[in-house]
Structure formats: C-alpha cells, structure tokens
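Structural description and commentary
These are the residues of each chain, in order.
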Amino acid sequence: MTKHYAGDRTIDGIVVTVDGEPLDEHTDSKCYTHNGFEWSYEGPEPSQLAYALLVDHLGDPARAEGLQPAFMRSVVANFQNEWEMTSADIDRILARLA
C-alpha cells in the first residue's frame, strides 16, 4: 500500500501527516530535537522529520538513522512551505542515494 506524506506551515504551526493522520516524531527511538518538525534548511528539526519519515516508511529505526543525514540534506532541506510525497517517491530517492 502506498502511503501519502504531506507537510504544511499553517497559521497554527507546522503540520505533517501520513495518510491524513499526524506523523509520529519517533523521538522515543532517536531524538534530534524536542522542538518538533521543520524543513527547508539543515538542522535538528529537519533531521527529526527526515528520521520520522524514514522510520514510518521503512519500519526500521536503525536503517532510518543511517539514511537520515543524506535524506535530510538532499530532500527535507529542500522542501517548500507545502510539500507532498508518497512512499514510492521515498523508494526512488533512497535508490538514488544508495
């Protein structure tokens, strides 16, 4: 099943969803920051978002942690204010980064 990920900066703050539900930050397995998600730059909040996306997609926290730096720099740091991607998009990106 293909998952749909989306992020938006709203008047109420950052919203990141997977299939319409809030994306878990996964700070229980790896905590880059307690300040929530962010994107469009390189830093701890985009690192947390990259990690959370990868954990949700891969189901493997250790693999997600290894892939997070490259995924954050090449993808999350370049997101616009609003963004969308699917699990198929993530698979293509990970194949390119490999």
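So, here is what we can say about the structure in this document. (Residues numbered from 1 in each chain as written. Predicted model: local features only at pLDDT ≥ 70, side-chain atom pairs only at ≥ 80, totals over all residues. Heavy atoms only, no water.)

Side note on the packing of helix 2 (residues 61–74) against helix 3 (residues 87–97)
Running from N to C, helix 2 and helix 3 cross one another at 105 degrees; their axes reach a closest spacing of 11 Å. Taken as axis vectors, helix 2 and helix 3 run roughly perpendicular relative to one another. Here Leu 67, Ala 70, Phe 71 and Ser 74 of helix 2 lie close against helix 3, whose contacting residues are Ile 90, Ile 93, Leu 94 and Leu 97. (Axes fitted to C-alpha atoms, helices over the stretch in contact; angles between N-to-C directions. Helix = DSSP H or I, 4+ residues; strand = E, 2+ residues; numbered from the N terminus. Parallel < 35°, antiparallel > 145°, perpendicular 65-115°, else oblique. Contact = heavy atoms within 4.5 Å.)

Side note on the pattern of salt bridges
Scanning all chains against the criterion turns up four salt bridges. Put simply, Lys 30 and Glu 65 hold a salt bridge, and the shortest N to O gap is 3.4 Å. Here Lys 30 is found in the loop between strand 3 (21–22) and helix 1 (44–58), whereas its partner Glu 65 is found in helix 2, with 35 residues between them in sequence. Its relative accessible area of 34% is what places Glu 65 among the partly exposed residues. (Salt bridge = Lys/Arg side-chain N within 4 Å of Asp/Glu carboxyl O. Buried < 20%, exposed > 50% of the residue type's maximum accessible area, 1.4 Å probe, protein only.)

Side note on the sheet that holds strand 3
In spatial order, the strands read 3-2-1-4; together these four strands make up an open sheet with antiparallel pairing. If you trace the sheet from one side to the other, it starts and ends with strand 3 and strand 4 (83–86), each paired once. Relative to strand 2 (residues 13–18), strand 1 (residues 4–10) runs antiparallel, the two sharing six bridges. The partner of Thr 10 across the bridge, within strand 2, is Gly 13. Along the sheet face, helix 1 touches strand 1, strand 2 and strand 4 and points at about 155 degrees away from the line of strand 1. (Pairing = 2+ DSSP bridges.)

With respect to the pairing of strand 4
Burial of strand 4 is one-sided: the residues Trp 83 and Met 85 facing one way are buried, the residues Glu 84 and Thr 86 facing the other way are not. In terms of strand pairing, strand 1 meets strand 4 through four bridges, oriented antiparallel. Across the sheet, residue Gly 7 finds its bridge partner in strand 4, namely Trp 83.

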